[in-house]
Amino acid sequence: MAEGKTASEVEETQTQPSSPVGWSGLLEGVMEDEVEEKELPASISDLINCHWGMTAEGFDENGTIEERYGDVPLRDEPRLSSVRLRREARLRLLEAIGSCQTLRRLRVNVQQFASTAREAQALLSPLKSNPALQEMFIEGQLRDNTRWVMDGLCDVIRWAPKLRILSLDVALRSMNDMKVLTNALVKCSPALENLTVGMTMGFGVWDFLLDVFTGTDSNQSIPVLCVQPLSVDVDGLSRTISLNESLRGISMNADYEWSRNQWRQAGQSMDSNFTLGEFEVVFWKGLPASHFESLRGLLDAANKRANPIIKITVSGRAGLASKSTCLFLVNVLRELNSVKALRLDFYDVQQSHRFELHRIFDVLRVHVCKLQSLELECCKGKGIEGGWKQLFDSLRSNSSLTHLGLRSNLDLCDESFKDLMSLLEVNVTLRTVDYSGTRWEAEGKGPLIDEALKRNAERESYIGVLKEAKLKFHKARAGRLFLCGSPYAGKTRLRRTMMRLSNKGWFGNKLDKLRQNPCAYREVELWRTSGIEVELLQDDEDMQIAIWDLAGQEIFRSLHDIIFPRTDQPYIFLFVFSPYDELKNTIKVNLEALLREELEDWLRFVASNSRMGQSLPRMIVILTHVDKVKSPGIDWVIMILEELQNEYQGVVDLFLDPKIGRLYVNAHKEKHVSPLLKQILSSFKELFSKKSDIVPQLCSELTSILSRADPSIYGDPIWSLDQFYTFCCKSVEALNQLSAEAWQSVALYLHDVGSIVLIPDSDLVVVYPNWLTRTYLGELIKLGHDFQVLKETHHATQQTVYSETGCVDEKILEEWLVESFISRPRDSQYQVETLKLILAKLDLCYRMDESSCAFPRYFIPTIISEGEVQHGRPRAWKSVSDVQPNYFGFRLQCQDPWRTSLTTSFFTRLQITLRKKVIANSSLSADVECSRGYTTLYMDGHEIIMEESQQRTVVGSHVDILVKGSGGKSKDDTVKFVMKHIIDEIRAFCASPRGCQGVILVLGILSTKCVEMLVPCELRDERQVVMVEHLKQQLQQDLEARLEEEDIKDENSLLKYEHVWAEVLEGNLPRYSEFAKDLLWESEVEKLLGMVQCKRKEQLQNLRDVSEQLRSEISESTSRGKSLPSVDIDESGSVGASDSEPVILSRIVPNYSSEKHLHQPNQSALDTLDCNEDKLEEMDNRLLTIQKRLQTSSMKGRLHQIVSIQQRMNSTLATFQSNLDEMVGFSSSLEQARIPKRPYFSKKDTRLLQKITSKVRFGKVVRLHFMCESKTKPHFIQDQGGMELVLEKENCKWLRRLSTISIQTVWFFLKAGLQVTLGLQPAFPAVDDFETQVSAMIGTAVFEKFKVAEALSLTQKNEAWCSLTNLLDSKLQGNYADVFNLHRVKYSSSDDGGYGWLCDLCMKKGIMSGRLEL
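Residues numbered from 1 in each chain as written. Predicted model: local features only at pLDDT ≥ 70, side-chain atom pairs only at ≥ 80, totals over all residues. Heavy atoms only, no water.

Caption draft 1: Representation of the overall build of the chain. Assigned secondary structure in the chain consists of 48 helices and 43 strands. Each of the 1414 residues in the chain was classed as buried or not, and the buried ones make up 58%. Expressed as a percentage of contacts within the chain between residues at least 6 apart in sequence, the contacts between residues at least 24 apart total 77%. (Helix = DSSP H or I, 4+ residues; strand = E, 2+ residues; numbered from the N terminus. Buried < 20%, exposed > 50% of the residue type's maximum accessible area, 1.4 Å probe, protein only. Contact = heavy atoms within 4.5 Å.)

And the structure:
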């Protein structure tokens, strides 16, 4: 089905609500801020529904429909006493709803309107011009006396300016009604995109549709038609498709009982409609195989079209569980090309369905599969385990799929993310991945996915252009070898030897230095590397390997960040370490620590800058100066390498040579270097073999040409694109035939492999990368950091400039450039501007036009040294506000702080990039001030400080965002603004080629007082930040723990969890705490409450189902005169913890059925409004006092519903336990005997539940335990000693029976989803799949024993309980506290069941709450 815009894509109207009479004030107050209030208050929705069978909803920020929260009780409001007043109130509320300017979605049941026209007119008349209404659902049955209702609805259909979606499921009275509705649809609003016709429209529906879509004055604007199950006329459908060229999509259910020829007829009708883009078939349930055979007629007919058109949607668990459905999907995907899209939309994937799901994934490996879109929504459960990897692996060779939907899948983990990134390395056809609603989105992984898709699209675009140019292609063979390590490690000497072995002269780069300044350098300078030295190491038919020698000094690390390769070409890092200190002529002290520190530093650098995926960056380690170290040893090196290899597994491939002797290399001797070079080239061959990329042959030829010592390149390395094109055309004749677009693609490829450097957003090309990396940027960094080796007399006097703020006068910068880099003074002005332009385009600086300065300044902290004086950070907020501002702060830090970090130049480039974006955004009125280490932004009335971490330790790499929000705006407003314009931009930059592509940034919250007091960043350690996900988890756990309390007196107390901040002595900040709900923003708290509410609903339903099943089994057992079968478990079995995570229900839109809601208790909500028969106008004034409560009713409504659900759970749990008592034969007489009723056995204090069977030998010692019988949380008692029992002939029989009773108890506890109360891992299995999940939890062998045990009669149960009573009385004499830590208590209320046995903690809580008698 070709869908229109989703709700999330529709911008909210900015029109403020008008002021109709009556109750408009209620909605006006709630809806005045449209950005925040996306839905009507729950009380209004309930009120509307119970009186008129109608629901009115808005949208949340993601465009999804939120579940109604239920009525918010308005206490102390007298009831309306007059029928006339009630009728008038209904009219005024209807008028207010119709006039509400933020009403997006409206559901109307027409049979609920009164018999007069006033109510229909009150609602429908203002809707005709409502600019916000986008979705309308009309249902019910029209009555003979409600003609005006149809007239009003038709007017809305015709005139509503933004109505996009219309659903008609209304039973019409007569043909006249059908004609009126037909006329309205023919002349409907041009905004209408989707028309759904339901089953209740009855006989003649296809005549109605034919009139609408194929009549003389047919509708030619509605693009999508959906038909629900009804008496479908295949001829009518075929005519509608073939005769209406405005249709872009058709959707219908698959369970129509048509013959194969009828389905074929429907498919053939698409041949004459060239505008139809999608025909959706929806499976709601499993169908017989014969039905699928008929359905093949549609697919066979559609298969004749040039492009696929069919979309198949499988919705609901039943559809996937049907093997015939899965077999049908597998066959059509493999055999036909007509299926365009597949959507699997279900709540849960059970383990039994896994095989069927994986069979569908396997088809995607087949090249003949032409599927373009695959959507898996709300997939969760054990059945999907392993499925994500299989799905992503199956798509590696797929070349048809362009869209992958993973929306709302909560079980997508870190491993799945790595699998997806590996997929995106090789699959370049995927264009979009929908990860909304997943953990990946919450954890900030989305920008990395978006960047990978963007990169693939760009590469595929220019490779596609080259293919269209019909150039000769061959396998990609370009790679880079990076030499890295500390200074004086021998990297340059090693490079020289490698170049000699490759029959290439190493003297070229040094000769270039001598040509420029023949007297300027001594020998020591000739051999040292400034910045990065680049040479072509290997150039043959197999590979083109460039060697990049990275200077070891720390000041050049920022240059390494800039030049780091951002492509998928193979590259290897060769880490060079010398145990010899050349400056001191001795062996270095603490060799092991030095090697580990330097190697780990480079491993972290490589991991942080490398794209995530299956192709890990490879690093080889060697040690040099072996000739100067006596008996260096090797064991200590191997130990360090093996430890780091394990530590960085999955991030960097730390290659360990099987031939250990190659670790030590004498860089001077070819016989030492030659094996190393062969190993490196062999590694490149291995990496190339794993790649399937192809490139034009002429690109490889140009790489070879550019690497030769051509004077035109060395003498003038900066060219325009036209100059470069002319040079290339002279060098390679084939380029003369290329179009301008193909030529640009060639240049992009050469840039990607490092043969040239394209300066972004300019016409400049650096054709000699060595000039940029060494001569220009390398020397400039040396100048800026006062790192000159020598100063010759012929140079002009140079001054070293230190800048605390990272700024330098433009005049000084130009002097540097002229004196150091300009060889022709007559062209100095042009070249200086070019050099400054290069710095700006590489995001190394920007020009600050400050009117207060005599000369403009450049912000260039990467180049300019900070000096010995530490730069100052802001110590006070600058902005002044009359209203109390909102203070809060965020921290973005590495998710994996031990293996990744934000690199040296990250923050500087972020400052410049963010400044560009903010200034370029015309919708923002912003002022940006940059200084070394921090940026201050004044945006939308907010003062925002973005600050770099000063702690360059492993775990200290982060960016802090401190906010002083405008006092006139709420914190939630300000948070959303900062998220959109700051947080999201930082994450996107980090994932971009200019950031750190191997880093995932996670969000934390800073201490509010730290932000308000501007505590220095060096004092804001990990104790002053809490990660958002951790805080939400703690709040949820605390909330759920409070829910389990037996008496909840205050709903607001559920959100009383406080996070405690540590003191900051140096900042004069004492220890204090803040409520988690205040640290988080409202939308996050509501999402958390929604998850808790849905989770509790599922638990409640599951508990009800099991309780009913238990009652049913008791009744059946009683009727047959038999008891339930016993269960068995042997010594090796135990009920253990599960690895599964809690199942959390997705949000579900309630089914608004008119009959269902007619008699809801919420009807009384209308009566709570205070009015007097003589003063009806006072209703508006009363409601103005209520609307403030309604503005915050969403969160309160959620809490109210959660508490209500918990109370029903407690009541259901009491019923369940009562049924369980009856099941296990625990009678009231036993209760009077004062013994606990929840026994279980363990062996050797392992707390493993054991079934004592005849297999156990006499003399075996077991231990008897009892559970705490808490009304809300029956549970095992920690450190309960228990009573030791020896299995003897006298007690064997009743102990076996008692063990059966205990296992039955635990069995039903597990089935009811009470694992948490038992202290086990929560799983909450659904009843229909319980056996599968428990089998996985305790093991198949153990599980089978639950089913094959003897039955216990009621007499046998009584005998077991009586024997237990006698044993306990004889040994304990009523003292259960010492052995079992249990106390017999009496409840204050008879509703709680009289007496019970509680542990110490539960007893204390009960006494404090007043539920227990002292």
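Caption draft 2: A look at the side chain of Asn273. Note that Asn273 resides in the loop between helix H9 (260–268) and strand S8 (278–283). With a relative accessible area of 0%, Asn273 lands in the buried category. There is a polar contact of 2.6 Å between the side chain of Asn273 and the backbone oxygen of Ile241. A polar contact is formed between the side chain of Asn273 and the backbone nitrogen of Leu276, at a distance of 3.1 Å. (Polar contact = N/O pair within 3.5 Å; in protein donor to acceptor, adjacent residues only side chain to side chain.)

Caption draft 3: Geometry of the sheet that holds strand S36 (residues 1025–1027). Ordered by their spatial adjacency, seven strands build an open sheet running S31-S32-S33-S34-S30-S35-S36, and the pairing between neighbours is antiparallel. Sheet topology places strand S31 (926–931) and S36 at the edges, where each strand pairs with a single neighbour. With direction set aside, neighbouring strand axes in the sheet form an average angle of 20 degrees. When strand S35 (residues 1001–1006) meets S36, the two strands line up antiparallel, connected through three bridges. Across the sheet, residue Leu1006 finds its bridge partner in S36, namely Val1025. (Pairing = 2+ DSSP bridges. Axes fitted to C-alpha atoms, helices over the stretch in contact; angles between N-to-C directions.)

Caption draft 4: Structural view of the packing of helix H29 (residues 769–784) against helix H30 (residues 810–821). Remark: H29 packs on H30, axes separated minimally by 11 Å, with the N-to-C direction vectors making an angle of 125 degrees. It follows from the interaxial angle that H29 and H30 lie oblique. The interaxial crossing formed by H29 with H30 has right-handed handedness. In this structure, H29 uses Thr775, Tyr776, Glu779, Leu780, Leu783 and Gly784 to contact H30, whose residues at the interface are Trp816, Leu817, Ser820 and Phe821. (Parallel < 35°, antiparallel > 145°, perpendicular 65-115°, else oblique. Left-handed = near helix turned anticlockwise from the far one by under 90°.)

Caption draft 5: Local environment of the packing of aromatic side chains. A full pass over the atoms with the stated rule returns 28 aromatic pairs. Ring geometry for Phe1216 against Phe1309: centres 5.9 Å apart, planes inclined by 35 degrees, an arrangement best described as tilted. Taken together, the positions of Phe1216 in helix H40 (residues 1193–1224) and Phe1309 in helix H42 (residues 1292–1311) put the pair 93 residues apart, joining distant regions of the chain. Owing to a relative accessible area of 0%, Phe1216 belongs among the buried residues under this scheme. Through a chain of ring-to-ring contacts, the aromatic side chains of Trp719, Phe724, Tyr725, Phe727 and Trp743 assemble into a single cluster. Lys445 extends its terminal NZ or CZ atom over the ring of Phe417, reaching a point 5.7 Å from the ring centre. Stacked on the ring of Tyr1072, the Lys or Arg Lys1009 has its end atom at 4.5 Å from the ring centre. (Phe/Tyr/Trp six-rings, centres within 6.5 Å; stacked < 30°, edge-to-face > 60°. Lys NZ or Arg CZ within 6 Å of the ring centre and 35° of its normal.)

Caption draft 6: Quick peek at the packing of H9 against helix H10 (residues 289–302). Close contact between H9 and H10 brings their axes to 7 Å; oriented N to C, the two are set at 20 degrees. For the element pair H9 / H10, the angle class is roughly parallel. When the axes of H9 and H10 are compared, the crossing they make is right-handed. When H9 is examined against H10, the residues Arg260, Trp263, Arg264, Ala266, Gly267 and Gln268 are found in contact with a partner set consisting of Glu293, Ser294, Leu295, Arg296, Gly297, Leu298, Asp300 and Ala301. Across the contact of H9 with H10, the residue classes tally to five nonpolar, four polar and five charged. (Nonpolar A, V, L, I, M, F, W, Y, C, P; charged D, E, K, R; others polar.)

Caption draft 7: Structural context of the pairing of strand S15 (residues 478–485). Buried residues dominate S15, accounting for eight of its eight residues. Neither face of S15 is open: one carries Ala478, Arg480, Phe482 and Cys484, the other Gly479, Leu481, Leu483 and Gly485, and all of them are buried. Here six bridges tie S15 to strand S17 (residues 544–550), and the two strands are oriented parallel to one another. Bridge assignment links Arg480 to a residue of S17, and that residue is Ala546. Pairing between S15 and strand S18 (residues 571–577): six bridges, direction parallel.

Caption draft 8: Looking closely at H29. In this model, H29 (16 residues) spans 21 Å end to end at C-alpha, consistent with the 22 Å of a helix rising 1.5 Å per residue. Of all the bends in H29, the greatest, near 30 degrees, is centred on Leu777. Across the 16 residues that make up H29, a large majority, 16, are buried. (Expected span 1.5 Å × (residues − 1). Bend = angle between axes of the 7 residues up to and from the residue.)

Caption draft 9: Representation of a negative patch on the surface within the structure. Among the surface-exposed residues, Asp207, Asp211, Asp233 and Asp235 lie close enough to one another that they form a single negatively charged patch. Within the secondary structure, Asp211 is located in helix H7 (residues 205–214). (Patch = residues over 30% accessible without salt bridge, like charges linked within 9 Å, V, L, I, M, F, W, Y side chains within 5 Å. Areas by Shrake-Rupley, 256 points an atom, 1.4 Å probe, with all protein chains shown as cover. Salt bridge = Lys/Arg side-chain N within 4 Å of Asp/Glu carboxyl O. Lys, Arg positive; Asp, Glu negative; His and termini not counted. Charge placed at Lys NZ, Arg CZ, Asp CG, Glu CD.)

Caption draft 10: A look at the sheet that holds S18. One open sheet accounts for six strands, arranged S16-S17-S15-S18-S21-S22; its pairing is mixed. Two strands bound the open sheet, and with one partner strand each, they are strand S16 (532–539) and strand S22 (653–655). The mean angle between the axes of side-by-side strands here comes to 25 degrees, regardless of whether they run parallel or antiparallel. Those strands touched by helix H22 (residues 591–609) are S15, S17, S18, strand S21 (618–623) and S22, and its axis lies near 160 degrees from that of S18.

Caption draft 11: Representation of the nonpolar core. With 116 residues, the main nonpolar core has Met136 and Leu404 as its most contacted residues. When near neighbours in sequence (up to four residues on either side) are disregarded, Met136 contacts Leu106, Val108, Leu124, Leu153, Val156, Leu163, Ile165, Leu166 and Ser167. Counting 106 residues, the second-largest nonpolar core is a separate cluster that includes Leu603, Ile638, Phe724 and Val765. (Core = buried A, V, L, I, M, F, W, Y, C linked by side-chain atoms within 4.5 Å.)

Caption draft 12: How the structure looks around the pairing of S31. Bridge count between S31 and strand S32 (residues 934–939): six bridges; the pairing is antiparallel. Bridged to Asp927 within S32 is Tyr938. Here S31 folds back onto S32, and the loop between the two strands holds two residues, one of which, Gly933, carries a positive phi near 90 degrees.

Caption draft 13: Geometry of the environment of Ala546. For Ala546, the location among the structural elements is in strand S17. C-alpha separation for the pair Ala546 and Tyr571, spaced 25 residues apart in sequence, amounts to 9.4 Å. Ignoring any residue separated from it by four or fewer positions in sequence, one finds Ala546 in contact with Gly479, Arg480, Leu481, Glu535, Leu536 and Leu537.

Caption draft 14: Representation of unusual backbone geometry. Despite not being glycine, Lys470 shows a phi value in the positive range, around 60 degrees. Secondary-structure assignment places Lys470 in the loop between helix H17 (446–468) and strand S14 (473–475). Not every positive phi belongs to a glycine, and Asp1279 is a case in point at roughly 60 degrees. Among the secondary structure elements, Asp1279 is positioned in the loop between strand S40 (1261–1266) and strand S41 (1283–1286).

Caption draft 15: Up close: the environment of Gly1282. Tracing the sequence through the fold places Gly1282 in the loop between S40 and S41. Between the C-alpha atoms of Gly1282 and Val1379, which are 97 residues apart in sequence, the distance is 5.5 Å. Beyond its immediate chain neighbours, meaning those up to four positions away, Gly1282 contacts Arg1263, Leu1264, His1265, Val1379 and Phe1380.

Caption draft 16: Spatial organisation of the pattern of salt bridges. Considering all chains together, one arrives at 55 salt bridges under this definition. Between Lys836 and Glu814 there is a salt bridge, and its shortest N-O distance comes to 2.8 Å. Remark: Glu814 occurs in helix H30 and Lys836 occurs in helix H31 (residues 828–841); sequence separation between them is 22 residues. Judged by relative accessible area, which is 4%, Lys836 ranks as buried. The class of Glu814 is partly exposed, set by a relative accessible area of 24%. In the salt-bridge network here, residues are joined through shared partners; they are Arg260, Glu293, Arg296, Asp300 and Glu335.

Caption draft 17: Main features of the environment of Ile532. Here Ile532 is to be found in strand S16. Residues Ile532 and Leu559, 27 residues apart in the sequence, show an inter-C-alpha distance of 8.1 Å. Leave out the neighbours within four places in its chain, and Ile532 touches Trp548, Asp549, Leu550, Leu559, His560, Ile563, Asn770, Thr773 and Arg774.

Caption draft 18: Looking closely at the confidence of the model for the chain. Across the chain, the average pLDDT comes to 76, with 75% of residues at or above 70. For the stretch residues 506–527, pLDDT sits under 50, and the model shows 42 contacts to residues farther than four places along the chain or on other chains. Ignoring residues within four places in sequence, the model shows residues 787–800, a span with pLDDT below 50, making 27 contacts including any to other chains. (pLDDT = per-residue confidence, 0-100.)

Caption draft 19: Focus on the state of the cysteines. Under the defined criterion, the tally for this structure stands at zero disulfides. You can see Cys894 has no disulfide; the closest cysteine sulfur is in Cys990, sitting 7.2 Å from it. You can call Cys894 buried: its relative accessible area is 3%. In this model Cys1399 remains outside any disulfide bridge; the closest cysteine sulfur is found in Cys1402, 3.6 Å from its own. (Disulfide = S-S within 2.5 Å.)

Caption draft 20: How the structure looks around the side chain of Ser1270. Relative to the elements of secondary structure, Ser1270 occurs in the loop between S40 and S41. Judged by its relative accessible area of 2%, Ser1270 is buried.

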